[in-house]
Amino acid sequence: MDRTLAADLARLPDLLEATRRTAADALAALDARPVVPRPPASAPHSPEPLPRQGSGTESALTAFAERWAPRLSASAGPRYLGFVTGGATPAALAGDWLTSVHDQNSNSALDGAGQDLERETVTWLRDLFGLSGAHTGTFVSGATMSNTTGLAIAREWLGERLGVSPSEDGAAALGPVRVLSGAPHSSIAKALSVLGLGRRSLVPVPTLPGREAVDPAALDRALADTPGPAVVVANAGTVNTVDFDDLRAIAALRERHAFWLHTDAAFGAFAALSPDHAHLTAGLDASDSVCVDLHKWLNVPYDSAVQFTRRQDLQARVFQNAAAYLGPLGEHPDLVHLTPENSHRLRALAAWFTLRAYGREGHREIVERDIACARALGSSLEADPAFRLLAPVRLNVVCFTLAGDPTPARLAALREAAREEVFVTPTVYAGTPALRAAFSNWRTTQTDVRRAAQALRTAAKGTA
């Protein structure tokens, strides 16, 4: 064994303790450190050469603390309001650390209980979101992979209706495909490109006036325009305004039209936890496939999401993997047969820990507190003549812009001026350049809202 590696093995408990202290110090400093640190004024960073001989873990910790930690964003903290990013609850952090400690290959039933743990966690999540036992679920890396997996199953369903198998014969066997949606996330077009259906197969459907929710009557007409099976992508929480399609009304259209219903509920599914907002997800169970991102509002570390479907048989037909060293496909397929990933870390453990530690009520409190924080920021900005809300705060995202001359340049300057205190992301809504503040972190409180609002007001004055 390499001498340095052997020395680290001998000192492993001490090194883990040093790592624990480093982690604890970083988390303790979240409230005070810049949310997005300013880049160094010196020349752009240039990589150091790979050392020929290592100097051990302790030296690597020191180098990380000096060179990289000060430049990392405080994305685990309460005022990182971009990208609908959560953090990691204490239990999720413990679970993620133990995920690396045990280093499981959870894709195969030949190796340990990883698959059983994942299935238990999926059952808890299914209950959390109000889905029935008709849905099975699998962990994936994020919403993009969840949407891609769901649409891959939809592609196979289209083939089933037409008497072909895209997984065997290729996507061309389907001929032209229509995928209809009102305000789809960008990952939908990306998934269609990956799946060989093409970005041009995505058909935009008119939304309700002043909304991002699809117009069910317009969707009905669009489905009637061209006969034959299609795919409908419904939205349970749009990116800019967290608008929800009427899932029950969309599902009812299947009485007249044949289509696969995929629902992108990346973070909107968590509305089911709040009694005041659960009606927004009514009808979610009628979906044929569902995307839910977990490193958003479940507050588990990146990367983690779950994909649900009613047709695991089609899912296994798409992703089955034949090799002598893998378990059989069987009635209950190993996870290796259900997603694009052959390598599948035990992502479920962090989710299992936080669900086991805090239960439904603990996660309901996080959701409802974040909703209250979003509304408070919306009210604060609406009362300031420098800002204008572009949509009502329906759940946990505030979509706003400058009241006067909201050019991309001015908004970028505002973001830059406020970045050390609050991080928001740019967008365009109804043709107007805008900003988004998304609340999903378990640490965020009304104190953080006040700090964020003050930072944005000060930045608006400074960039006027």
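Values in this document were obtained by computation on a predicted structure and should not be read as measured data.

J.: Mind laying out the sheet that holds strand β7 (residues 305–309), listing which residues take part and the relevant values?
T.: Taken in spatial order, the seven strands line up as β1-β7-β6-β5-β4-β2-β3 in an open sheet, and their pairing is mixed. Bordering the open sheet on either side are β1 (136–140) and β3 (202–204), each of which pairs with just one other strand. For this sheet the average axis-to-axis angle between neighbouring strands, irrespective of direction, equals 20 degrees. Summarising the sheet, strand β2 (residues 179–181) and β3 pair through three bridges and their orientation is parallel. Each residue of the ladder has a partner; that of L180, found in β3, is V203. The sheet contacts of helix α8 (residues 186–194) involve β2, β3, β4 (230–235) and β5 (259–264), and relative to β3 the element is tilted by about 150 degrees.

J.: Please set out the nonpolar core residue by residue, giving values where relevant.
T.: With 52 residues, the main nonpolar core has L125, F129, L219, F270, V292, L294 and F308 as its most contacted residues. With seven residues, the top contributor of residues to this core is helix α12 (residues 348–382). Not counting residues within four places of it along the chain, the set of residues in contact with L125 comprises F139, L294, L298, V306, F308 and L355. Judged by nonpolar contacts, the second largest core, of 26 residues, contains F387, F400, L402 and V449.

J.: So what's going on with the sheet that holds strand β10 (residues 425–429)? Which residues, and what values?
T.: Here we have four strands laid out as an open sheet, ordered β8-β9-β11-β10, and antiparallel in their pairing. The sheet is open, and its two edges are formed by β8 (387–389) and β10, each paired on a single side. Put simply, the sheet's adjacent strands are angled 45 degrees from each other on average, direction ignored. Sheet contacts for α12: β8, β9 (397–402) and β11 (432–438); angle to β9, the most-contacted strand, approximately 15 degrees.

J.: Lay out the pattern of salt bridges with the relevant residues and their values.
T.: Counting across every chain of the model gives 28 salt bridges. Between R364 and E361 there is a salt bridge whose closest N-O contact spans 2.8 Å. Highlighted residues: R364 and E361, both in helix α12, separated by three residues, approximately one helical turn. Across the salt bridge formed by R369 and E365, the nearest N and O atoms sit 2.7 Å from each other. You can see R369 and its partner E365 sitting in helix α12, four residues apart, about one turn around the helix. A relative accessible area of 35% places E365 in the partly exposed class.

J.: Can you explain the side chain of R33? Please cite residues and give values.
T.: By the secondary structure assignment, R33 is in the loop between α2 (12–28) and α3 (57–67). Buried within the structure, R33 lacks any salt-bridge partner; E420 is the closest side chain of opposite charge, at an N-O distance of 10 Å. Here A69 takes part through its backbone oxygen, which lies 3.4 Å from a polar atom of the side chain of R33. Apart from the residues lying within four places of it in its own chain, the contact partners of R33 are A69, P70, L72, S73, A74 and E420.

J.: How would you explain helix α6 (residues 143–162) if you had to name every residue and give the values?
T.: For an α-helix, the turn length of 3.6 residues means that residues three or four places apart are oriented alike. For α6, with 20 residues, the first-to-last C-alpha span of 28 Å sits near the 28 Å given by 1.5 Å per residue. Where α6 ends, the next residue or the one after it, G163, has phi of about 80 degrees, a positive value.

J.: Pulling in residues and values, what's your account of the packing of helix α5 (residues 114–128) against α12?
T.: Packed helices, taken two at a time, are described by the angle between their axes plus the distance between the axes. Across the interface, α5 lies against α12 with an axial gap of 9 Å and an inter-helix angle of 45 degrees. When the interaxial angle is binned, α5 and α12 end up oblique. In the packing of α5 onto α12, the handedness of the crossing is left-handed. Contacts between α5 and α12 pair L117, E118, E120, T121, W124, L125, D127 and L128 from the former with A348, L349, A351, W352, L355, R356 and R360 from the latter. Among the residues making up the contact of α5 with α12, the classes are represented as nine nonpolar, one polar and five charged.

So, how was this worked out
- Residues numbered from 1 in each chain as written.
- Predicted model: local features only at pLDDT ≥ 70, side-chain atom pairs only at ≥ 80, totals over all residues.
- Heavy atoms only, no water.
- Pairing = 2+ DSSP bridges.
- Helix = DSSP H or I, 4+ residues; strand = E, 2+ residues; numbered from the N terminus.
- Axes fitted to C-alpha atoms, helices over the stretch in contact; angles between N-to-C directions.
- Contact = heavy atoms within 4.5 Å.
- Core = buried A, V, L, I, M, F, W, Y, C linked by side-chain atoms within 4.5 Å.
- Buried < 20%, exposed > 50% of the residue type's maximum accessible area, 1.4 Å probe, protein only.
- Salt bridge = Lys/Arg side-chain N within 4 Å of Asp/Glu carboxyl O.
- Lys, Arg positive; Asp, Glu negative; His and termini not counted.
- Polar contact = N/O pair within 3.5 Å; in protein donor to acceptor, adjacent residues only side chain to side chain.
- Expected span 1.5 Å × (residues − 1).
- Parallel < 35°, antiparallel > 145°, perpendicular 65-115°, else oblique.
- Left-handed = near helix turned anticlockwise from the far one by under 90°.
- Nonpolar A, V, L, I, M, F, W, Y, C, P; charged D, E, K, R; others polar.

Just distances and angles here, no functional claims.
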